[in-house]
Amino acid sequence: MNRYQIVADSDTVLRDGTIKLHGPEAFAAMRRAGRLAAETLDMLVPLVRPGVTTRALDDAVRDFTLDHGALPATLGYRGYAHSCCISINHVVCHGIPSERALKDGDIVNIDVTPLLDGWHGDSSRMFCVGEVPLKARRLVEVTYECLMIGIAAAKPGARLGDIGAAIQRHAEAHRFGVVREFCGHGVGRLFHDAPEVVHAGVAGTGPALKPGMFFTIEPMINLGKAPVKMLDDGWTAVTRDRSLSAQFEHSVGITETGCEIFTASPTGRDKPPY
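Residues numbered from 1 in each chain as written. Predicted model: local features only at pLDDT ≥ 70, side-chain atom pairs only at ≥ 80, totals over all residues. Heavy atoms only, no water.

Caption draft 1: Representation of the environment of Gly 188. Mapped onto the secondary structure, Gly 188 falls in the loop between strand E11 (184-186) and strand E12 (193-197). Through-space distance from the C-alpha of Gly 188 to that of Ala 29 is 8.8 Å; in sequence the pair is 159 residues apart. With sequence-adjacent residues up to four places away left out, Gly 188 is seen in contact with Met 30, Gly 118, Trp 119 and His 120. (Helix = DSSP H or I, 4+ residues; strand = E, 2+ residues; numbered from the N terminus. Contact = heavy atoms within 4.5 Å.)

Written out as structure tokens, the structure is:
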């Protein structure tokens, strides 16, 4: 039996696997929150350079978010004390900002979620620091391709499993590993909601996608093998084989004809090369 249930949008908080269907006002709200997420990441482009600490980048995210009338959703979330996540090289996700300075050749994922007027705009993208080796640049490029291939598969009448199957097929064609321990998620008034969007799987499986569904697609792709492990801080996930990892994320909504990207950059800086 399908563990997901489809319901119309409501202010009621549902935590039982229900997939909400949203109307025009919710789409408009997510466009505003998503645009702010994209503008936040655009703002970081000139700041991500050798010698800059990840704490300084986190400060910039916090100040920009507050200055635009929003709150960083991660700040205080389950005890997390920062305004974004910054994951470097073999860190898969949820890297914690610190005094660690970026170095020439690093690849960095920055994940932001402004909470604007009660709606979450969740997005992340990769940044290349200085001169990055060819294999790292290729990983970044293929990961972005995986994101867009997954988005192309997200349309009414498709199944949730079609997204993961398309991503897995493309990543493994390049001999890269697809992380299974973390996935995309429903988003909107709640930071994390149903459904879970796994980035590997079998086409034709899972709930049918319907207009009004909101969720993130955020593939994490490893240069080496897929398995990850958690560090003792309880947040940071790294590749077990210490191979490089990359991730891109967009928040999207299923429309009558396809898929709307809420977090697309207005300046085109959300895809490599920038």
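Caption draft 2: Just helix H4 (residues 160-173), in detail. Across its 14 residues, H4 extends 21 Å between first and last C-alpha, which sits within 8% of the 20 Å expected from 1.5 Å per residue. Buried residues dominate H4, accounting for 11 of its 14 residues. Considered for burial, the residues of H4 that qualify are Leu 160, Gly 161, Asp 162, Ile 163, Gly 164, Ala 165, Ala 166, Ile 167, Gln 168, His 170 and Ala 171. Those residues of H4 that are buried are in contact with helix H3 (134-152), strand E10 (177-178), E12, strand E13 (214-217) and strand E14 (220-222). At the C-terminal side of H4, Arg 175 shows a positive phi close to 65 degrees. (Expected span 1.5 Å × (residues − 1). Buried < 20%, exposed > 50% of the residue type's maximum accessible area, 1.4 Å probe, protein only.)

Caption draft 3: Here's a closer look at the packing of helix H1 (residues 24-44) against helix H2 (residues 54-67). Close contact between H1 and H2 brings their axes to 10 Å; oriented N to C, the two are set at 140 degrees. Considered as vectors, H1 and H2 are oriented oblique to each other. The handedness of the crossing between H1 and H2 is right-handed. Every residue of H2 that contacts H1 at Leu 36, Glu 39, Thr 40, Met 43 and Leu 44 is listed here: Leu 57, Ala 60, Val 61, Phe 64 and Thr 65. (Axes fitted to C-alpha atoms, helices over the stretch in contact; angles between N-to-C directions. Parallel < 35°, antiparallel > 145°, perpendicular 65-115°, else oblique. Left-handed = near helix turned anticlockwise from the far one by under 90°.)

Caption draft 4: Main features of the packing of H3 against H4. Closest axis-to-axis distance for the H3/H4 pair is 8 Å, and the angle between their directions is 155 degrees. Relative to H4, H3 is oriented roughly antiparallel. Viewed along their axes, H3 and H4 form a crossing whose handedness is right-handed. Across from Val 142, Glu 145, Cys 146, Ile 149 and Gly 150 in H3, the residues of H4 making contact are Ile 163, Ala 166, Ile 167, His 170 and Ala 171.

Caption draft 5: Structural view of empty space enclosed by the protein. This structure, assessed with the given rule, holds one cavity of 30 Å³ or more. Its volume calculated, the largest cavity comes out at about 30 Å³. Every residue along the wall of the largest cavity is listed here: Ile 19, Lys 20, His 22, Val 187, Asp 193, Ala 194 and Phe 214. For the lining of the largest cavity, the residue count by class is four nonpolar, one polar and two charged. (1 Å grid on protein atoms, 1.4 Å probe; cavity = no way out; pocket = protein on both sides within 12 Å on 5 of 7 lines; lining within 4 Å. Points joined across faces, edges and corners; volume = space filled by probe spheres on them. Nonpolar A, V, L, I, M, F, W, Y, C, P; charged D, E, K, R; others polar.)

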